[in-house]
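Chains, contacts and geometry: an overview
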Amino acid sequence: MRATVIRGVGDVHTTDVPDPVIHEPTDALVRISLAAVCGSDLWPYRGQEKFSPGDRMGHEWLGVVENVGREVTRIRPGDLVLAPFAFSDGTCERCRDDVQSSCVRGGFWGGSNQGGQAEAVRVPFADATLVAVRTDAADDSLLRRLLPLTDVMSTGHHACVLAGVRPGQSVAVIGDGAVGLCAVLAARRVGAERIFAIGRHPDRLRLARSFGATDTLDADDPATVPELIDSTNGGVSSVAECAGTQSALDLALALTRPGGTIGSVGVPNGVHTVDLYRFFRSNIALRAGVAPVRRYLEPLVADVLSDALDPSPVFTAEVLLEDVATAYQRMDRREVIKALVRT
């Protein structure tokens, strides 16, 4: 089959790899229908994260089950399924605590594991990992709306969970990538009254408006902090930090009112300083972590199926699997928010 691998910095391509086969009785084989390129895929692509030449790429995908191991009972051949970006056994203490991304026997798609930017994939712990979407209306539009749930929509939701966003509150979302835009959607879904979207790209901030942002601000404008502080009478009680940079964390801290909470889900890159005294002095909480996507999938799927949630506009380009290198190039140049990959 064909799959995406990374050979070196700036060198991602599609190549032939062995077809996946069932190794364990808890496995499933899934034929991938749609995949995506994630902003975090760009870290190894740019040489900012370690990788081994030949590592597989892609952790966002959905598809149709082709075969299952003899111990798989919940998932059936023919099911349309979503997979979180991390697979998990569903039985360990961490899974029972709903932190499936820290499963002791689990792992993440890509790298030395099979990747989602491919024609097919072997899924360990299929019953615990996969979510079946059983509907008679599984057209292309629905698949596009479901795909972001595998990572960016669930991660944006996780940012709001960590930040303690509640109905009627004001919340600031830092970052105008796919995760930040989905955090705007998540804040609206929770019922936040005022949603500040803060980023650097006017086209993305316009999309944030359509997703529910009530205010958009330029992250680089010196007037942004005093403007928000003044308009909220002292800052917001919740900040969703969705960029993972030093400047984003510093900005989050500057915007949070005493007693507030920052939920940080941006993959940290180049963050070297945390102003612990400022957190201490103002009783500000910092909660950060990898989204346990499996924990959130069922309710988010239900909202998509009921037409209450549509994160698909984060896809601003579409490529075939054979042309996936183009998607990486365009995302790296900030020409595309997120690229959808058709297999």
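Heads up: these notes are all about the structure in this document. (Residues numbered from 1 in each chain as written. Predicted model: local features only at pLDDT ≥ 70, side-chain atom pairs only at ≥ 80, totals over all residues. Heavy atoms only, no water.)

Time to look at the overall build of the protein chain. If you tally the helices and strands in the protein chain, you get twelve helices and 18 strands. Taken over C-alpha atoms, the radius of gyration comes to 20 Å for the protein chain, in line with the 20 Å a tight globule of 343 residues would show. With respect to the three principal axes, the spread of C-alpha positions in the protein chain is 60 × 40 × 35 Å. Of all 343 residues assigned to the protein chain, the portion counted as buried reaches 55%. By sequence separation, contacts in the protein chain at least 24 residues apart represent 70% of the contacts at least 6 residues apart. For the protein chain, the accessible surface area stands at approximately 14,400 Å², while carbon and sulfur atoms represent 48% of it. Computed over 35 positive and 43 negative side-chain charges, the separation of the two mean positions in the protein chain equals 3 Å. (Helix = DSSP H or I, 4+ residues; strand = E, 2+ residues; numbered from the N terminus. Rg over C-alpha atoms; globule rule 2.2 N^0.38 Å. Buried < 20%, exposed > 50% of the residue type's maximum accessible area, 1.4 Å probe, protein only. Contact = heavy atoms within 4.5 Å. Areas by Shrake-Rupley, 256 points an atom, 1.4 Å probe, with all protein chains shown as cover. Lys, Arg positive; Asp, Glu negative; His and termini not counted. Charge placed at Lys NZ, Arg CZ, Asp CG, Glu CD.)

This part is about the side chain of T4. Examined against the element boundaries, T4 turns out to sit in strand β1 (residues 2-8). In this structure T4 comes out as buried when scored by relative accessible area, which is 0%. Once you skip the residues sitting within four places of it in the chain, T4 turns out to touch V12, H13, T14, D55, R56, M57, Q117, L321 and V324.

A few words on the packing of aromatic side chains. Summed over all chains, the structure comprises five aromatic pairs. Ring pairs connect the aromatic residues W61, F87 and W109, which therefore count as one cluster. Directly above the aromatic system of W43 lies the positively charged group of R46, at a separation of 5.9 Å from the ring centroid. (Phe/Tyr/Trp six-rings, centres within 6.5 Å; stacked < 30°, edge-to-face > 60°. Lys NZ or Arg CZ within 6 Å of the ring centre and 35° of its normal.)

Before going further, it helps to examine a negative patch on the surface. Residues D218, D221, E227 and D230 make up a contiguous surface patch of negative charge. Take D230: it is sitting in helix α8 (residues 224-231). (Patch = residues over 30% accessible without salt bridge, like charges linked within 9 Å, V, L, I, M, F, W, Y side chains within 5 Å. Salt bridge = Lys/Arg side-chain N within 4 Å of Asp/Glu carboxyl O.)

Turning next to the sheet that holds strand β11 (residues 170-174). An order of β13-β12-β11-β14-β15-β16 is seen for the six strands of this open sheet, with the pairing classed as parallel. The two strands at the open ends of the sheet, each matched to only one other strand, are β13 (215-218) and β16 (285-288). Each strand of the sheet is rotated relative to its neighbour by a mean of 20 degrees, with strand direction disregarded. Taken together, the four bridges between strand β12 (residues 194-199) and β13 define a ladder with parallel strand orientation. Across the sheet, residue A197 finds its bridge partner in β13, namely T216. (Pairing = 2+ DSSP bridges. Axes fitted to C-alpha atoms, helices over the stretch in contact; angles between N-to-C directions.)

This paragraph deals with the nonpolar core. Judged by nonpolar contacts, the single largest core of 55 residues is most densely connected at L62, L82, L146, L149, V184 and C242. In terms of residue count, helix α6 (residues 178-190) provides more of this core than any other element does, nine residues in total. (Core = buried A, V, L, I, M, F, W, Y, C linked by side-chain atoms within 4.5 Å.)

Let's shift gears to the sheet that holds β1. The sheet built from three strands is open, its strands ordered β2-β1-β4 with antiparallel pairing. Both outer strands of the open sheet, β2 (11-16) and β4 (55-56), are each paired with one neighbouring strand and no more. Note that β1 and β4 share two bridges and pair antiparallel. The partner of V5 across the bridge, within β4, is R56.

What follows concerns the packing of helix α5 (residues 152-163) against α6. Put simply, α5 and α6 touch, their axes get as near as 7 Å, and they point 60 degrees apart. Judged by the inter-axis angle, α5 sits oblique to α6. Considering only the axes of α5 and α6, their crossing is right-handed. For the pair formed by α5 and α6, the contact residues are V152, M153, T155, G156, H157 and C160 on the first element and A178, V179, C182, A183, L185, A186, A187 and R189 on the second. For the contact of α5 with α6, the residue count by class is ten nonpolar, three polar and one charged. (Parallel < 35°, antiparallel > 145°, perpendicular 65-115°, else oblique. Left-handed = near helix turned anticlockwise from the far one by under 90°. Nonpolar A, V, L, I, M, F, W, Y, C, P; charged D, E, K, R; others polar.)

What follows deals with the side chain of D176. Positionally, D176 belongs in the loop between β11 and α6. Of the side chains with opposite charge, R204 lies nearest to the buried D176, which makes no salt bridge, at 4.2 Å. A polar contact is formed between the side chain of D176 and the backbone nitrogen of R200, at a distance of 2.7 Å. A polar atom in the side chain of D176 sits 2.9 Å from the backbone nitrogen of H201. Setting aside residues no more than four positions away along its own chain, D176 makes contact with L181, I198, G199, R200, H201, R204 and L205. (Polar contact = N/O pair within 3.5 Å; in protein donor to acceptor, adjacent residues only side chain to side chain.)

What follows deals with the environment of G47. By the secondary structure assignment, G47 is in the loop between α1 (42-45) and β4. The sequence separation of G47 and G10 amounts to 37 residues, and the corresponding C-alpha distance is 7.8 Å.

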